[in-house]
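A closer look at the structure
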Amino acid sequence: MRTHRIRTAVLAATTATLALTVYGGSAGASAADLATAGKADTMRSAATTTATRACHGDELSYSVVHRFAKQQGEHLLITATNADSKPCWVTSYPSVMLGDTTKVLPHSAKDAPGGGTRVTLRPGAKVYSAVNLFTDSGRPHTSGDLSIALRDRTGDTGPATEQAAFDGRGVPSKFSWTSADVTHWNKKKPYDF
C-alpha cells in the first residue's frame, strides 16, 4: 500500500513537471491548470488507443520458419509484420490449417494465458506465434504449406493467406505432423533458444 502511494506521488510530480515543460507553464502554474493539462493528455491518449483498429490481415506480411526439424521442440515460427503506415492490433492466436487439411488447429494447452489481450503493432513492428508439431504415432501428414487467418475478439476468423514454410537458410521446408497446436500472438519469439 505504501509503495503504491509513493509511486502515485512520483507519477503526479513527474506529470506536473512535464506539464510545465510541454504547456509552457511556470512555477506559478496552478494545480487546476496542471490537472486540466493532464486530463487533456489522458483524453488524447485514450482517443489514440480507441482509434487503433484491429488488423484485417491485408496490412500484415507473414513469414514462416520451420525450426528444429525432426527434433524435440519442432515448430513453425509465424512472424507477422505490420506493413501499413498505421498501427493495428491482433488478439488471441492465429487460425491455422496445415497443408490441404480442413481442420483449424486448436490453441496450445501449454501456452500462457492472455489470449484476450490486444497486442498493438505499430508500423514495422512484429508479432509471433508458433505451430507446435507432434509426430506421436500413426501415419503423419506432410506438407510445406499452411493457411493463416486472424481472429477477432469474438473468435471469428478473417480471410486467410497461404504461406510456405522455409528453413533458417531460406530454403523451402516440408514438415510432418500427426497433431499440432498454436500459441497466442506475442511480441517475443516463442521457443527462442
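As the structure is a computational prediction, the values presented were derived from the model and not from experiment.

What counts and what doesn't
Residues numbered from 1 in each chain as written. Predicted model: local features only at pLDDT ≥ 70, side-chain atom pairs only at ≥ 80, totals over all residues. Heavy atoms only, no water. Helix = DSSP H or I, 4+ residues; strand = E, 2+ residues; numbered from the N terminus. Buried < 20%, exposed > 50% of the residue type's maximum accessible area, 1.4 Å probe, protein only. Contact = heavy atoms within 4.5 Å. Areas by Shrake-Rupley, 256 points an atom, 1.4 Å probe, with all protein chains shown as cover. Pairing = 2+ DSSP bridges. Axes fitted to C-alpha atoms, helices over the stretch in contact; angles between N-to-C directions. Phe/Tyr/Trp six-rings, centres within 6.5 Å; stacked < 30°, edge-to-face > 60°. 1 Å grid on protein atoms, 1.4 Å probe; cavity = no way out; pocket = protein on both sides within 12 Å on 5 of 7 lines; lining within 4 Å. Points joined across faces, edges and corners; volume = space filled by probe spheres on them. Nonpolar A, V, L, I, M, F, W, Y, C, P; charged D, E, K, R; others polar. Core = buried A, V, L, I, M, F, W, Y, C linked by side-chain atoms within 4.5 Å.

**Considerations on the overall build of the protein chain**
The secondary structure content of the protein chain amounts to two helices and 12 strands. Along the protein chain, from the amino end to the carboxyl end, the secondary structure elements read α-α-β-β-β-β-β-β-β-β-β-β-β-β. The proportion of buried residues among the 193 residues of the protein chain is 33%. Long-range contacts, defined as pairs at least 24 residues apart, comprise 74% of the intrachain contacts of the protein chain with a sequence gap of at least 6. Accessible surface for the protein chain amounts to roughly 11,900 Å². Of this, 56% is attributable to carbon and sulfur atoms.

**Considering the sheet that holds strand E5 (residues 95-98)**
Hydrogen bonds between backbone groups are what pair the strands of a sheet, and the pairing can be parallel or antiparallel. An order of E5-E9-E10 is seen for the three strands of this open sheet, with the pairing classed as antiparallel. At either end of the open sheet lies a strand with only one pairing partner, and these are E5 and strand E10 (157-164). Looking at each pair of strands side by side, their axes are set apart by 20° on average, direction ignored. Across six bridges, strand E9 (residues 145-151) lies against E10 in antiparallel orientation. In the strand pairing of E10, Leu 146 is matched with Gln 163.

**Overview of the packing of aromatic side chains**
Applying the stated criterion across every chain yields a total of one aromatic pair. On the basis of an interplanar angle of 35° and a centroid distance of 5.5 Å, the ring pair of Phe 175 and Trp 177 is categorised as tilted. Comparing Phe 175 with Trp 177, the two get one shared label, buried.

**With respect to the layout of surface pockets**
Here the largest pocket is characterised by a volume of approximately 290 Å³. Every residue lining the largest pocket is counted, 16 residues in all, and those nearest its centre are Gly 73, Glu 74, Asn 132, Leu 133 and Phe 134. Sorting elements by how many residues they give to the lining of the largest pocket places strand E7 (residues 126-134) first, with three residues. Its residues placed into classes, the lining of the largest pocket shows four nonpolar, seven polar and five charged. The calculated volume of the second largest pocket comes to roughly 200 Å³. Looking at the second largest pocket, it is lined by 18 residues, and the ones nearest its centre are Asp 111, Ala 112, His 184, Trp 185 and Asn 186. For the lining of the second largest pocket, the per-class residue count stands at six nonpolar, nine polar and three charged.

**What to know about the nonpolar core**
Within the largest apolar cluster, 27 residues are counted, with the highest numbers of intra-cluster contacts made by Leu 60, Leu 76, Ile 78, Val 90, Leu 98 and Val 131. In this structure, Leu 76 is in contact with Val 64, Val 65, His 66, Leu 98, Ser 129, Ala 130, Val 131, Leu 133, Leu 146, Ala 165 and Phe 175, ignoring residues within four places of it in sequence.

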